[in-house]
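Next come the chains, spelled out residue by residue.
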Amino acid sequence: MKLEDIKKIGIIGTGTMGSQIAQLFSQVGKYDVIVYDLNDELVNQGISSIKEILQRYFVDKGKMTQSEMEQVFGRIKGTTNLLAAVEYTDFVVEAVFESLDLKKNLFKQMDEIAPPNTILASNTSNLNITEIASVTKRADRVVGMHFFNPVSVVKLIEVVRGALTSDETAEVTVSLSKKLGKEPMVCKDFSFGFLANRAYTPMILEAVQMVWERVASPGEIDQALKLGYGLPIGPLELSDLIGGWKIMAMSEADRMREVGPEKG
């Protein structure tokens, strides 16, 4: 597959990340996008979120006309049928909650119904791509495509290669990321947190330790890091915003299931 072969995008999950990723593919990539979630309420919430963001941050600020917004919005469709979301797509991005079991179940289903050449990507921030790909019959076409929040602002996309991810799949994902106006960095999946999150996690943990030791309040620690290092948002505030604490807890639970409590 080549970049020009990609015509239609599937997004699995219409939460904060899924809806933003769908918007980016339609707005910047000019792709037809179909978004999937479990029920109509979730799908409608995700699509409404996209429209609200386009209106508030683009149309109201003069960065986009009303007509342009309608074109972006018109390229996005919603469904509660996984078959409809995947069967005619060329590239799929999974953006559901950080649960290894959930993602493996989804990838197994998508592998069974997606066209043979379709690339299946995961927006996971730390879970093992090789493990996710192991339930499919196309491990060479499974890749990590980790976007950062807010998707429209942060330039980085981590393109994560599993053990069997092909050169072609990685190259297409890199090219696609660039088409979306991002700066992709290719990394391997044996590093927990890949690149950015692995380096950032010790800062979060140390900030938590400082709160525990009553060195300062969470707000003071965040403010010191923002002023001292030019961070746009402090690590504690960011974790509150994106649900980072729950993600870390679930990731640790997955890790403990793999290694066993006697080794963890």
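Refer to the structure printed above.
Note that this is a predicted model, so its numbers are computed, not measured. (Residues numbered from 1 in each chain as written. Predicted model: local features only at pLDDT ≥ 70, side-chain atom pairs only at ≥ 80, totals over all residues. Heavy atoms only, no water.)

Caption draft 1: Highlighting the pattern of salt bridges. One pass over the structure, following the stated rule, counts nine salt bridges. Lys-103 is paired through a salt bridge with Glu-98; the nearest N and O atoms lie 3.2 Å apart. Ionic pairing is found between Asp-167 and Arg-161, a salt bridge with its closest N-O pair at 2.8 Å. For Arg-161, a relative accessible area of 24% gives the class partly exposed. (Salt bridge = Lys/Arg side-chain N within 4 Å of Asp/Glu carboxyl O. Buried < 20%, exposed > 50% of the residue type's maximum accessible area, 1.4 Å probe, protein only.)

Caption draft 2: Quick look at the sheet that holds strand S3 (residues 76–79). Pairing is mixed in the open sheet, where eight strands are placed in the order S3-S2-S1-S4-S5-S6-S7-S8. Each edge of the open sheet carries a strand with a single partner, namely S3 and strand S8 (183–188). Geometrically, the sheet is characterised by an average inter-axis angle of 25 degrees between neighbouring strands, direction not taken into account. Bridge analysis of strand S7 (residues 156–161) against S8 gives six bridges, and the strand direction is parallel. Among the inter-strand pairings, Arg-161 is bridged to a residue of S8, identified as Lys-188. Running over the sheet, helix H7 (residues 167–179) touches strand S4 (91–94), strand S5 (119–122), strand S6 (142–147), S7 and S8 and is turned about 175 degrees from S7. (Pairing = 2+ DSSP bridges. Helix = DSSP H or I, 4+ residues; strand = E, 2+ residues; numbered from the N terminus. Axes fitted to C-alpha atoms, helices over the stretch in contact; angles between N-to-C directions. Contact = heavy atoms within 4.5 Å.)

Caption draft 3: Highlighting the environment of Lys-51. Among the structural elements, Lys-51 can be located in helix H2 (residues 40–59). Taking C-alpha positions, Lys-51 is 9.2 Å from Val-72, a pair spaced 21 residues apart along the chain.

Caption draft 4: Representation of unusual backbone geometry. For the bond from Asn-149 to Pro-150, the omega torsion is 0 degrees, close enough to zero to count as cis. Tracing the backbone shows Pro-150 in the loop between S6 and S7. Positive phi outside glycine occurs at Lys-30, with the angle close to 60 degrees. Looking at the secondary structure, you find Lys-30 in the loop between helix H1 (16–27) and strand S2 (32–36). The phi angle at Arg-214 is positive, at roughly 60 degrees, despite the residue not being glycine. Within the element layout of this structure, Arg-214 appears in the loop between helix H8 (196–212) and helix H9 (218–229). Judged by relative accessible area, Arg-214 falls into the exposed class, the value being 76%.

Caption draft 5: Region of the structure containing the pairing of S4. Burial along S4 is two-sided: the face carrying Phe-91 and Val-93 and the face carrying Val-92 and Glu-94 are both buried. Examined bridge by bridge, strand S1 (residues 8–12) and S4 share four bridges and lie parallel to one another. Across the sheet, Gly-10 pairs through a bridge with Val-92, a residue of S4. Crossover S4 to S5 through helix H5 (residues 100–113) is right-handed. (Right-handed = clockwise from strand over helix to strand, strands pointing away.)

Caption draft 6: Expanded view of the layout of surface pockets. In this structure, the second largest pocket occupies an estimated 380 Å³ of space. Counting only elements with at least two residues in the lining of the second largest pocket, the list comes to H1 and H2. Per element, the largest residue contribution to the lining of the second largest pocket is six residues, and it comes from H1. Class assignment of the residues belonging to the lining of the second largest pocket gives a composition of nine nonpolar, ten polar and three charged. (1 Å grid on protein atoms, 1.4 Å probe; cavity = no way out; pocket = protein on both sides within 12 Å on 5 of 7 lines; lining within 4 Å. Points joined across faces, edges and corners; volume = space filled by probe spheres on them. Nonpolar A, V, L, I, M, F, W, Y, C, P; charged D, E, K, R; others polar.)

Caption draft 7: Region of interest: H5. Taking 1.5 Å of rise per residue, the 14 residues of H5 would be expected to cover 20 Å, and the 20 Å separating its terminal C-alpha atoms lies within 8% of that figure. All of the buried residues along H5 are Leu-100, Lys-103, Lys-104, Leu-106, Phe-107, Met-110 and Asp-111. Along the axis of H5, the buried positions cluster into a sector of 165 degrees, meaning they face one direction only. (Expected span 1.5 Å × (residues − 1). Arc of directions from axis to C-beta.)

Caption draft 8: Highlighting the packing of H1 against H2. Contact geometry of H1 with H2 gives a least axis separation of 9 Å together with a crossing angle of 60 degrees. Looking at the two axes, H1 sits oblique to H2. Crossing angle aside, the handedness with which H1 passes H2 is right-handed. Every residue of H2 that contacts H1 at Ser-19, Ala-22, Gln-23 and Gln-27 is listed here: Gly-46, Ser-49, Ile-50, Ile-53, Leu-54 and Phe-58. A per-class count over the contact of H1 with H2 returns five nonpolar, five polar and no charged. (Parallel < 35°, antiparallel > 145°, perpendicular 65-115°, else oblique. Left-handed = near helix turned anticlockwise from the far one by under 90°.)

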